[in-house]
Amino acid sequence: MIGPIELISVLCGYSEKAAYRWRHPSNTRAGGDFPSLRDLRRLHAHVRAHDLPLKPEWLIWGAFEDEVEAAIRAHPCPLPLVARLRPEVAAQ
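All values derive from a computational prediction rather than experimental measurement. (Residues numbered from 1 in each chain as written. Predicted model: local features only at pLDDT ≥ 70, side-chain atom pairs only at ≥ 80, totals over all residues. Heavy atoms only, no water.)

**Quick look at the confidence of the model for the chain**
Across the chain, the average pLDDT comes to 84, with 84% of residues at 70 or higher. Taken element by element, the chain is modelled with least confidence in helix 6 (residues 87-90), mean pLDDT 51, and with most confidence in helix 3 (residues 37-49), mean pLDDT 93. (pLDDT = per-residue confidence, 0-100. Helix = DSSP H or I, 4+ residues; strand = E, 2+ residues; numbered from the N terminus.)

**A look at helix 3**
In an α-helix there are 3.6 residues to a turn, and that puts residues three or four apart on one side. Taking 1.5 Å as the rise per residue, helix 3 with 13 residues should run 18 Å; its terminal C-alpha atoms sit 18 Å apart, in good agreement. Regarding helix 3, the residues found buried are D39, L40, L43, H46 and V47. An end-on view of helix 3 places all buried positions within 125 degrees of arc, on one side of the element. Summarising the geometry of helix 3, the exposed residues directed more than 90 degrees from the buried face are R41, R48 and A49. Where helix 3 is buried, its residues meet helix 1 (5-11) and helix 4 (56-61). Positive phi appears at D51, one or two residues downstream of helix 3, with a value of about 50 degrees. (Expected span 1.5 Å × (residues − 1). Buried < 20%, exposed > 50% of the residue type's maximum accessible area, 1.4 Å probe, protein only. Arc of directions from axis to C-beta. Contact = heavy atoms within 4.5 Å.)

**Digging into the nonpolar core**
With 16 residues, the main nonpolar core has I2, I8, W22, F34, L43, L54 and L59 as its most contacted residues. Listing elements by their share of this core, those giving two or more residues are helix 3, helix 4 and helix 5 (65-74). Contact partners of L43, with chain neighbours within four places excluded, come to I2, I8, L11, C12, F34 and L59. (Core = buried A, V, L, I, M, F, W, Y, C linked by side-chain atoms within 4.5 Å.)

**So, helix 5**
Taken residue by residue, helix 5 has V68, E69, A71 and I72 as its buried positions. Buried residues of helix 5 fall within an arc of 160 degrees about the axis and therefore sit on the same side. Structural note: helix 5 exposes D66, R73 and A74 on the side pointing more than 90 degrees away from its buried face. On its buried face, helix 5 is in contact with helix 4.

Put into structure tokens, the structure is as follows:
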């Protein structure tokens, strides 16, 4: 909904490829988690600034594909549906 993984990296203040490493766990976070609360705040600010129908809790806990697609369809300005991800990647 926000954009490709490279855009997520840049919006969080990192290089385009940084977010690829977030898929794997580190000693300070689980695989798929954002590195810091600052990153979540930056993404949420982008979501609000662009009136995207992304719920803040989805950035923390994730969301089911049908929830996301329903939010996109209900949005006043239609957004493209998110690309289908393999279940193990989408769950991150």
